[in-house]
Amino acid sequence: MSFENVNVKPEIVSALKKIGIETPTPIQEKSIPLIHSGKDVVGISNTGSGKTAAFGVPMLQHIQKKGKIQALVMAPTRELVVQIAKELEKFSKNLNLFIATVYGGVGFDPQVKNLAKADIVVSTPGRMLDHIEHNTINLTQLTCFVLDEADKMVEMGFIEDITRILDHTPKNKQMLLFGATISDEINRIKADYMTNPETIEADVYVKQELLEQYYYNVKPHEKFSLLCHLLRKEETHGVIIFCSTRATVELISKNLKTQNIKNDMIHGKLTQNRRLKVIEAFNKEKVNVLVASSVAARGLHIDHVSHVFNYDLSRDPEEYIHRIGRTARAGQRGKAITLLSQKDYPSFDEINSRFNVSIEKLPPEQFERLRFDMKSGQQRRGHFNNRSFGGPRGHGRSHHSQRQGSSHGRSRFGGQKKSSFGFNDIHTR
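Fair warning: this is a prediction, and the values are worked out from it, not measured in the lab.

### Remarks on the overall build of the chain
So, step 1. Looking only at helices and strands, the chain has 15 helices and 14 strands in total.
So, step 2. The proportion of buried residues among the 429 residues of the chain is 57%.
So, step 3. Restricting to contacts in the chain with at least 6 residues of sequence separation, those with at least 24 account for 75%.
So, step 4. Only carbon and sulfur atoms are counted for the fraction: they give 45% of the accessible area of the chain, which is about 19000 Å².

### Considerations on the sheet that holds strand E5 (residues 144-147)
So, step 1. Strand order in the open sheet formed by 7 strands is E3-E4-E2-E5-E6-E1-E7, with parallel pairing between adjacent strands. Looking at which strands have only one partner, the edges of the open sheet turn out to be strand E3 (99-102) and strand E7 (198-202). The mean inter-strand angle of the sheet, taken between neighbouring strand axes irrespective of direction, is 15°.
So, step 2. When E3 meets strand E4 (residues 120-123), the two strands line up parallel, connected through 4 bridges. Bridging from a neighbouring strand, alanine 100 pairs with valine 121 of E4.
So, step 3. Along the sheet face, helix H9 (residues 184-193) touches strand E1 (41-45), E5, strand E6 (174-179) and E7 and points at about 170° away from the line of E6.

### A short note on the packing of helix H4 (residues 78-91) against helix H12 (residues 272-283)
When two helices pack together, their arrangement is given by the angle between the helix axes and by the axis-to-axis distance.
So, step 1. Where H4 contacts H12, the axes come no closer than 10 Å and their chain directions differ by 55°. The orientation of H4 with respect to H12, classified from their angle, is oblique. H12 is crossed by H4, and the crossing has right-handed handedness. Of H12, the residues touching H4 (which contributes Arg78, Glu79 and Val82) are Gln272, Arg275 and Leu276.
So, step 2. Across the contact of H4 with H12, the residue classes tally to 2 nonpolar, 1 polar and 3 charged.

### Focus: the packing of aromatic side chains
So, step 1. For the structure shown, the criterion picks out 3 aromatic pairs.
So, step 2. Between phenylalanine 55 and phenylalanine 178, the aromatic rings sit 5.6 Å apart at their centres with planes inclined by 55°, giving tilted as the arrangement. Here phenylalanine 55, found in helix H3 (residues 51-61), pairs with phenylalanine 178, found in strand E6; they are 123 residues apart in sequence, far enough to count as distant. The residues phenylalanine 55 and phenylalanine 178 share a single accessibility class, namely buried.
So, step 3. Its end group placed over the ring of tyrosine 311, lysine 223 keeps NZ or CZ at 5.6 Å from the ring centre.

### Observations concerning helix H1 (residues 10-18)
So, step 1. Residues of H1 that are buried: Ile12, Val13, Ala15 and Leu16. Considered in projection along H1, the buried side chains sweep an arc of 165° and stay on one side of the axis. Along H1, exposed side chains directed more than 90 degrees from the buried face belong to Pro10 and Lys18.
So, step 2. Taken together, the buried residues of H1 touch H3 and H4.

### Here we look at unusual backbone geometry
So, step 1. Phi at asparagine 96 is positive, roughly 60°, even though this residue is not glycine.
So, step 2. A relative accessible area of 58% places asparagine 96 in the exposed class.
So, step 3. Backbone geometry places glutamate 285, a non-glycine residue, at a positive phi of 65°.
So, step 4. Its location among the elements puts glutamate 285 in the loop between H12 and strand E11 (289-292).
So, step 5. Its relative accessible area of 59% is what places glutamate 285 among the exposed residues.

### Some points on the pattern of salt bridges
So, step 1. Considering all chains together, one arrives at 21 salt bridges under this definition.
So, step 2. In this structure, glutamate 234 engages lysine 335 in a salt bridge whose closest nitrogen and oxygen atoms are separated by 3.0 Å. With glutamate 234 in the loop between helix H10 (223-233) and strand E9 (239-242) and lysine 335 in strand E13 (residues 334-340), this pair connects stretches of sequence that are 101 residues apart.
So, step 3. Overall, the relative accessible area of 18% leaves lysine 335 in the buried class.
So, step 4. Salt-bridge contacts for lysine 254 lead to aspartate 373; the nearest nitrogen and oxygen are separated by 3.3 Å. Of this pair, lysine 254 sits in helix H11 (residues 246-258) while aspartate 373 sits in the loop between strand E14 (360-361) and helix H15 (399-403), and the two are 119 residues apart along the sequence.
So, step 5. By relative accessible area, lysine 254 is classed as partly exposed at 25%.
So, step 6. The exposure class assigned to aspartate 373 is buried, which follows from its relative accessible area of 17%.
So, step 7. Within this structure, Lys223, Asp312, Lys343 and Asp344 form a network of salt bridges that share partners.

### Structural notes on the pairing of E4
So, step 1. Because side chains alternate across E4, one face comprises the buried residues Ile120 and Val122, and the other comprises Val121 and Ser123, equally buried.
So, step 2. Bridging between strand E2 (residues 71-74) and E4 involves 4 bridges; their strand directions are parallel. Pairing of leucine 72 across the sheet is with valine 121, part of E4.
So, step 3. The handedness of the E3 to E4 crossover, carried by helix H5 (residues 109-115), is right-handed.

Each value, and the rule that gives it
Residues numbered from 1 in each chain as written. Predicted model: local features only at pLDDT ≥ 70, side-chain atom pairs only at ≥ 80, totals over all residues. Heavy atoms only, no water. Helix = DSSP H or I, 4+ residues; strand = E, 2+ residues; numbered from the N terminus. Buried < 20%, exposed > 50% of the residue type's maximum accessible area, 1.4 Å probe, protein only. Contact = heavy atoms within 4.5 Å. Areas by Shrake-Rupley, 256 points an atom, 1.4 Å probe, with all protein chains shown as cover. Pairing = 2+ DSSP bridges. Axes fitted to C-alpha atoms, helices over the stretch in contact; angles between N-to-C directions. Parallel < 35°, antiparallel > 145°, perpendicular 65-115°, else oblique. Left-handed = near helix turned anticlockwise from the far one by under 90°. Nonpolar A, V, L, I, M, F, W, Y, C, P; charged D, E, K, R; others polar. Phe/Tyr/Trp six-rings, centres within 6.5 Å; stacked < 30°, edge-to-face > 60°. Lys NZ or Arg CZ within 6 Å of the ring centre and 35° of its normal. Arc of directions from axis to C-beta. Salt bridge = Lys/Arg side-chain N within 4 Å of Asp/Glu carboxyl O. Right-handed = clockwise from strand over helix to strand, strands pointing away.

See the structure below:
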């Protein structure tokens, strides 16, 4: 199967070949003909399955150089907006179209100038509403509306914004909705704004034959030491270490550097420019290890990941699927290793019950217990014990609190001695 077989015009096929894309992925093969025919489409597929080309290639096929906005792509994060726009620019290299990006945190007036000449707009919900409210965007010529990472939109609370934006668009447009899962909120959008949509699925879960999944049972205060041991033991070519909180990301990154393990970090509180530079450096293999919060699990274009480490697990079991989906991509093998402590068991059990995954338990490792320095400006958020080894603690009360008979109603921050080493749980929820 080739893109010519699904009637993609030569200008786009040529641009795709120049960036090494010659054969459609399953989601592309299923969605492109339907979108070509003008149908509304709901595409369900994992991150990394080629969703951008699945909606982007057929969308570009029908866009003309007018200087009028004919397609609007909505994405939940600024990073994803930038990524989608760059991909669309590559696909449309031979079409001479103008693609504008719209997101917060940057100047408003330059966006207004770009919108006046745009053929396609890629935007986050909040800034798009700003332009609608200021009458700085004209959507009257819109023929295609794309909602990407729809499930993430729900998770981040953007669905009401999306419906407000949709209310300002023509009724006879084509709607394309893509995500890894479909929730009740997304079903309501289907019912209210889409016309007889076709639903297609492809690569909903990771390919078991390409991804090895393992876990270690480990005491919370020994997680960091085990992590360092595994990073030195495993043969890696790009590593992402996922943590559930921003504060844990910062501490792990800092302490890895103390252990001479070069790394960078990414989380939602970094500036836009900083986050983009981190991803660029990782993709260019200037740094081999990336410590990340869940912001890096979804949507971002991250290449060459041989290993994913789950330092801890999110309360949302679906997050596990998105995390491990960063490796074993494009036909390459990958490995996902979870460091499982007592607070992770409920999430781990739900992952195993809900998803078709095979996670093998590995025997205990012999490893050196390392010091863990928590002096990173996070003391205001955490509580500490007197341990001199290990790393961030697990969920719930510290051992110190349990010995003192404290309850959940008691302040976590009072009456505990701070130390330069050792750390009991950090929460940013």
